[in-house]
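# Inside the fold
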Amino acid sequence: MFCHLRPMRRLCLEKIFPRWFPYSRALSGAEAVNALRPFYFAVHPDFFGQHPIEREVNENSLKRLSVYLENLQKPGFKSLKPTQLTFYVRETDQSSSDGQEPFSTSGFRAVKFTLHTRDLLSTVLYILNSCSLSVEHIQSLNTNVHTQPLKEAKRMPDRPIKWDKSYYSFTGFKDPDEDLEQVSRMETTLTWQRSWGIAHRCSQLHSLGRLAQQNLETLKKAKGCTIIFTDRSGMSAVGHVMLGTMDVHHHWTKLFERLPSYFDLQRRLMLLEDQISYLLGGIQVVYIEELQPVLTLEEYYSLLDVFYNRLLKNRIPFHPRSLRGLQMILNSDRYAPSLHELGHFNIPALCDPANLQWFILTKAQQARENMKRKEELKVIENELIQASTKKFSLEKLYKEPSISSMQMVDCCKRLLEQSLPYLHGMHLCVSHFYSVMQDGDLCIPWNWKNGEAIK
């Protein structure tokens, strides 16, 4: 998938880090997050809604980056293995393509780099420079830095030796690029579908650990996958390995053994999506977990197959690529097409093709406007979350996946009008109801009312 990426290059520290770097104090975790804001803004998956492959790459890389940054902050850590990351970087005012891959017609470029730093400040600088983003704002975070002008901080392309593959074959030395790529492929991400408590999560991890001790070779088939603990076992529509928390090890083992066949079905599913897109003028078929029923890979493939066969029987005359940039999700529980406020079309698998053509053509412009509004709303949402977190000194402010950006914006705006000193240091989750999680996170409904929000 990344065949177009240029080879990774080692960067000389003196060319990456500004001259005031040796005089800088250590960054705190909060300062590191703030310093990386331009980076997060340039690679955030929410800005890649029209590009699912690039979105997934950025999501996975951000998860691995988060783990790397967390490990750097752990007391007494000795060393971290090199972590290779790939990001698609949006074209922003701060971006520069000097020494990087050129921007595509979609407005983003691919950046590939390897983290091998040992502290937060050098890591932050390395990431920003690798993506050709400004580091000038970092000097304000360090009160003891040298006053050397920051013009030196701009990344300068180097020209290291890049040996041909035959060199490693002849000498027997290991190719470092291949080693790093192999490590990257072996990493597996663990996550949870629901907000279980810490005790429940530890129990699930303990079960997976016992399975690894008993049958490690079978478990290795999941290298590079995202494993999600949920209510049933299988592979999800987006390709995540689902481990049912009520299933026994026997079911999990059978699932891991079947992964190669699941991967084959996943490739066929992607081809089916491309074929549907071609028949519908380039509109992109997406699966949005937060807005669709939880489907297995087999269920989703069957749904796509039914829709595709109906399109073949009733050819709809869309002009090729005329709907490129638009998105649609396929549903089995709807009888008429609709346009979501976020800009994507909700299309029932059994809808009438003639009605489908008329609806998409008449709503195409509105869909583009809705998608643009969605991106603008996401920026506002992130700003309000940061403002609320800062005002109430929250440790964490987040929302349930079912909460829309519009609902989150409304909630945060009204929260900022309140005085809530007792939220200091807490984890606040915006949901649909009031509750306190086992871990101590406080949940409030997004449409809370004055006097009832927090008691």
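Residues numbered from 1 in each chain as written. Predicted model: local features only at pLDDT ≥ 70, side-chain atom pairs only at ≥ 80, totals over all residues. Heavy atoms only, no water.

### Some points on the overall build of the protein
- Across its full length, the protein holds 14 helices and 14 strands.
- Counting all 455 residues of the protein, 44% fall into the buried class.
- Across the protein, every contact between residues at least 6 apart in sequence was considered, and the portion connecting residues at least 24 apart equals 66%. (Helix = DSSP H or I, 4+ residues; strand = E, 2+ residues; numbered from the N terminus. Buried < 20%, exposed > 50% of the residue type's maximum accessible area, 1.4 Å probe, protein only. Contact = heavy atoms within 4.5 Å.)

### Considering the environment of Leu377
- Tracing the chain through its elements places Leu377 in helix α13 (residues 353-391).
- Residue Leu377 is classed as buried on the basis of its relative accessible area of 19%.
- In this structure, the C-alpha to C-alpha distance between Leu377 and Ser405, residues 28 residues apart in sequence, is 6.7 Å.
- If we ignore the near neighbours within four places in the chain, the residues touching Leu377 are Ser405, Met406 and Val409.

### Some words on the nonpolar core
- Counting 51 residues, the largest nonpolar core has Phe256, Leu280 and Phe307 as the members making the most contacts within it.
- Per-element accounting of this core gives the leading share, 8 residues, to helix α12 (residues 297-313).
- Not counting residues up to four positions away in its chain, the partners in contact with Leu280 are Phe307, Leu311, Ile316, Phe318, Leu323, Met328 and Leu356.
- Ranked by size, the runner-up nonpolar core spans 28 residues in total, among them Ala35, Leu36, Phe39 and Phe87. (Core = buried A, V, L, I, M, F, W, Y, C linked by side-chain atoms within 4.5 Å.)

### Notes on the packing of helix α10 (residues 249-257) against helix α11 (residues 259-279)
- Close contact between α10 and α11 brings their axes to 5 Å; oriented N to C, the two are set at 50°. Between α10 and α11, the angle is such that the two are oblique. Two secondary-structure elements touch here, α10 through Leu255, Phe256 and Glu257 and α11 through Leu259, Pro260 and Tyr262.
- Tallied by class, residues from the contact of α10 with α11 come to 5 nonpolar, no polar and 1 charged. (Axes fitted to C-alpha atoms, helices over the stretch in contact; angles between N-to-C directions. Parallel < 35°, antiparallel > 145°, perpendicular 65-115°, else oblique. Nonpolar A, V, L, I, M, F, W, Y, C, P; charged D, E, K, R; others polar.)

### Some remarks on the sheet that holds strand β7 (residues 284-285)
- The strand order across the open sheet formed by 4 strands is β7-β8-β10-β9, and the pairing between neighbours is mixed. Here the strands that pair on one side only, and so sit at the sheet edges, are β7 and β9 (338-339).
- Note that strand β8 (residues 327-331) and strand β10 (residues 345-348) share 4 bridges and pair parallel. By the bridge assignment, Ile329 is partnered in β10 with Asn346. (Pairing = 2+ DSSP bridges.)

### Describing the sheet that holds strand β5 (residues 234-235)
- One open sheet accounts for 4 strands, arranged β3-β4-β6-β5; its pairing is mixed. Strand pairing shows two members of the sheet lacking a second neighbour, β3 (189-192) and β5, which therefore form its edges.
- In this structure, strand β4 (residues 226-230) lies alongside strand β6 (residues 241-244), joined through 4 bridges in parallel fashion. When the sheet's bridge partners are listed, Thr230 is paired in β6 with Gly244.
- Sitting on the sheet, α10 is in contact with β4, β5 and β6, with an inclination near 165° to β6.

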